[in-house]
Amino acid sequence: MKGQYLPLNMVSPGRKVKLVAVRGGQGIRRRLNDMGLSIGAEFRIIHSHFFGPCIIAVDNTRLILGRGMSHKILVEDTS
Amino acid sequence: MQKKLTIALAGNPNSGKTTVFNNLTGARQHVGNYPGVTVEKKEGTLKYKDYSINIVDLPGTYSLTAYSIDEIVTRNFVIEEKPDVVIDVIDTSNLERNLYLATQFMELGVPLILALNMSDVAKKQGTKIDKNRLAELLDVPIVSTVATKKIGMKELLDEIVSLVEARTEPEKTIVHYGKEIREELKKLEEILKKDKPLGEKYPLRWLAVKLLETDEEIIKKIEESSFSEEILSAVEKSTAHLKSIFNDEPDAIIADRRYGFISGACSEAVSRNYETRHTSSDRIDKVLVNRILGLPIFLGLMWLVFRFTFKASEPLMGWIESAQEWLGNMFGGFLPDGSAIRSLVVDGIIGGVGSVLIFVPIIFLLFLAMAVLEDSGYMARAAFIMDRLMHKIGLHGRSFIPMLLGFGCNLPAIMATRTIEDRKDRLVTILVNPFISCGARLPVYTLFIGAFFAERIAGNVLFSLYILGMIVAIVMAKIFRRFLFKGPASPFVMELPPYRIPTVKGLFIHMWERGVVYLKKAGTVIFVGCVLIWFLSNFPWQPQYSKDYNTLIEQAQENEGLVSKLENEKAFEKMEKSYAGRLGRIISPVFKPLGFDDWKTSVGLIGGFIAKEVVVGTLGTLHSVGEADEESKTLRQALQNQKRSDGSRMYNPLVAYSFMVFVLLYMPCVAVIAVIKRETNSWRWPIFTAVYTTAVAWIVAFLIYQGGMLLGFGG
């Protein structure tokens, strides 16, 4: 599935992805930015669920992205 | 003469800031509030060399963009209080992301020291940092620390002193945003210069950056300026210009450049091979946040928390009760018998405040248990597990913890909403919390269920009340989200800390900080409330009795049964003629459609405003059964036999259920009102809560009673 663009919550755990776009307002983008998730950031999916929140690994941090956020984030599978 | 210094301690959440703070200040810390907001302000002092150093622990934050209260507090403190030094505590194993906040402090031009904390963890992971080179590149002093082992604390203090004594103006704005942005910033700075007072307060360049970032707080500030029109139109032009060049919002580009600056510096001074400190945490998480196991494990842990809280607090509550009794006897002993002052002290203050103090052990132990879950890192997982469910009612995972705490006592539950960043989410969570049935309602349920329901269904009736409370909370949350606090659920991003073993010291500091707030603040309001209720139910002090009780009692000295009967009658009549009794008569027609239009019940409900369990005690007095508790047979019988003026029975199972529903849902106790006032920092929300919960209680009890009558349950 390499190279495909998907919402974050649809990527299976263990894959490595790159953040491509955020479908949402400035508030959301800025929040993500502050936490180190800007466009182009690479991270790994630890836990994902179609209806639920996701856990991702950015460098040495684990972030929870709530249900609302995780399908607003578009990523590219790079693993 | 010692020189005074103010040091601000800042940093990302989970960077070990609190441990550094505790190390530096030890027991010499106290908690207050930042003016105007309810974010806790922790301060501590220490003496070092010639200096008396006051350390202010700023709320953990990822950036200085005005997004949450915490970030605004941090920013305003640094700008307005002008601390002598800002220490930015950095999680070294997450260097780049943590430096993002540091770049913003640099931009502000504040005297800054970076504490590279958890440097041992980073080393273990194979990260090598050339500290001197990094300090040179970033142009800030850097100290390596391991807060958990108290390493680097002295060096940190030395660095503070040398930074203060050097007194060099810090180099401003070393982040380079590139030619295009720099030009726009310059233009904006030129215009901003015109407003002199503004320039004295804020660094101009920083203001310009914030304006390009469309920082709402700053825009509000600018709108007050006499040059606001000129400034804002220039900002609009610059933004449009930059957008046309980069095809992106300026704030995104600015953030990009900051990360670029950071990674530039790090690539020169840091070498690493990745190894993560999360490996063991990830392994534990495979089980604890598992799709299937996560929820049952979470519920099991919660069950343990409550079991622990209530089991362990039992003996402590017994002690408080005895202490209260002892105090009552002592004061009762030397204050004149039958005097108003004795009654005020013994019944009003010691009895009233005591009925709330009795909850102190529960609250402290619940906080202790919660501190274990929090400090170990599990709380963040719980929020994760519940996020899906909470999303359905327009809230997110973080709102779940306070709801759960509500089953113990709504008070700490409302205080626990502080972890919720979004103001709307927080308010909704606070507003619906009183519907979660707390421990204080239980005595009322036990009394009424025992009196009017068969034993075999008693458990189900009780359970149905708890469920009803939750359903009402959920429905109200949905309604508030829909009408009062519109807008989509706030974005929920949260860091998942690695699992840690909590330190005993940390746990106790956590428990103490929160518990003391309950004691102090709520205590004052409870005190006033108790005196008020005491006054209402005891005055007029010498009413016109229908009989001369004193003489009758004296005459009947031989007959103990008669004496106690007369005393009960006297107490009853006194209550009937008191202000509370009169008030009860006035308001009881309101309850007619709900089935319990009895003035005694109404007085009981007024008493329930102090604490819900007071309802039972008040009913006991009014039904002249003397000391009453929920086990009291005579009170049960008195309720069962109570008749209306037309001779029909006042209560039946339907009326009793309607009454319990009302007790469950109507206005929360005075302590909860006090804490809502404290947490929202206005009288608007506590008053709103008292009014709307009572309205909801009335409506739901009405539906249940009238519906029940229609279905023929009234007999």
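Keep in mind that this is a model prediction, so the values were computed, not measured. (Residues numbered from 1 in each chain as written. Chains lettered and ligands numbered in written order. Predicted model: local features only at pLDDT ≥ 70, side-chain atom pairs only at ≥ 80, totals over all residues. Heavy atoms only, no water.)

K.L.:
Just to check I follow, could you spell out a nonpolar patch on the surface for this structure?
P.N.:
Residue and element names in this part refer to chain B. Taken together, the side chains of Trp 326, Leu 327, Met 330 and Phe 334 present a nonpolar region at the surface, about 430 Å² in accessible area. Counting through the fold element by element, Phe 334 comes out in helix 14 (residues 294–334). Judged by relative accessible area, Phe 334 falls into the exposed class, the value being 55%. (Patch = residues over 30% accessible without salt bridge, like charges linked within 9 Å, V, L, I, M, F, W, Y side chains within 5 Å. Areas by Shrake-Rupley, 256 points an atom, 1.4 Å probe, with all protein chains shown as cover. Salt bridge = Lys/Arg side-chain N within 4 Å of Asp/Glu carboxyl O. Helix = DSSP H or I, 4+ residues; strand = E, 2+ residues; numbered from the N terminus. Buried < 20%, exposed > 50% of the residue type's maximum accessible area, 1.4 Å probe, protein only.)

K.L.:
Is there a simple way to explain the interface of chain A and chain B in this structure?
P.N.:
For interface size, the figure often reported is the accessible area lost on association. The interface is formed by 34 residues belonging to chain A together with 40 residues belonging to chain B. Summing the contributions of chain A and of chain B, the shared interface buries around 3500 Å²; its carbon and sulfur component is 54%. Put simply, chain A and chain B have 4 salt bridges between them. Put simply, chain A and chain B have 12 residue pairs in polar contact (both at pLDDT 80 or more) between them. Elements represented by at least two residues in the side of chain A that touches chain B include exactly helix 1 (26–34), strand 3 (42–47), strand 4 (54–58), strand 5 (61–65) and helix 2 (67–70) of chain A. Tallying contributions element by element places helix 1 of chain A first for the side of chain A that touches chain B, with 9 residues. Judged from the 4 bridges that link them, strand 5 of chain A and strand 10 (residues 493–496) of chain B form a sheet pairing that is antiparallel. Bridging from a neighbouring strand, A:Arg62 pairs with B:Leu496 of strand 10 of chain B. (Contact = heavy atoms within 4.5 Å. Buried area = accessible area lost by both parts, 1.4 Å probe. Polar contact = N/O pair within 3.5 Å; in protein donor to acceptor, adjacent residues only side chain to side chain. Pairing = 2+ DSSP bridges.)

K.L.:
I'm lost on helix 3 (residues 95–108) of chain B in this one. Help?
P.N.:
In an α-helix there are 3.6 residues to a turn, and that puts residues three or four apart on one side. Residue and element names in this part refer to chain B. With 14 residues, helix 3 ought to run about 20 Å at 1.5 Å a step, and its terminal C-alpha atoms sit 20 Å apart, in line with that. A maximum bend of about 25° is found in helix 3 at Leu 101. Two residues or fewer after helix 3 comes Gly 109, characterised by a positive phi angle close to 75°. (Expected span 1.5 Å × (residues − 1). Bend = angle between axes of the 7 residues up to and from the residue.)

K.L.:
Help me out: how do you make sense of the pairing of strand 5 of chain A in this one?
P.N.:
Remember that side chains alternate between the two faces of the sheet whenever the strand is regular. All names here are of chain A. Most of strand 5 is tucked away: 5 of the 5 residues are buried. Of the two faces of strand 5, the one holding Thr 61, Leu 63 and Leu 65 and the one holding Arg 62 and Ile 64 are both buried throughout. Where strand 4 and strand 5 come together, 5 bridges link them in antiparallel fashion. Its bridge partner lying in strand 5, Ile 55 is registered against Ile 64. Connecting strand 4 to the next strand, strand 5, in antiparallel fashion are 2 residues, including Asp 59 with a positive phi near 50°.

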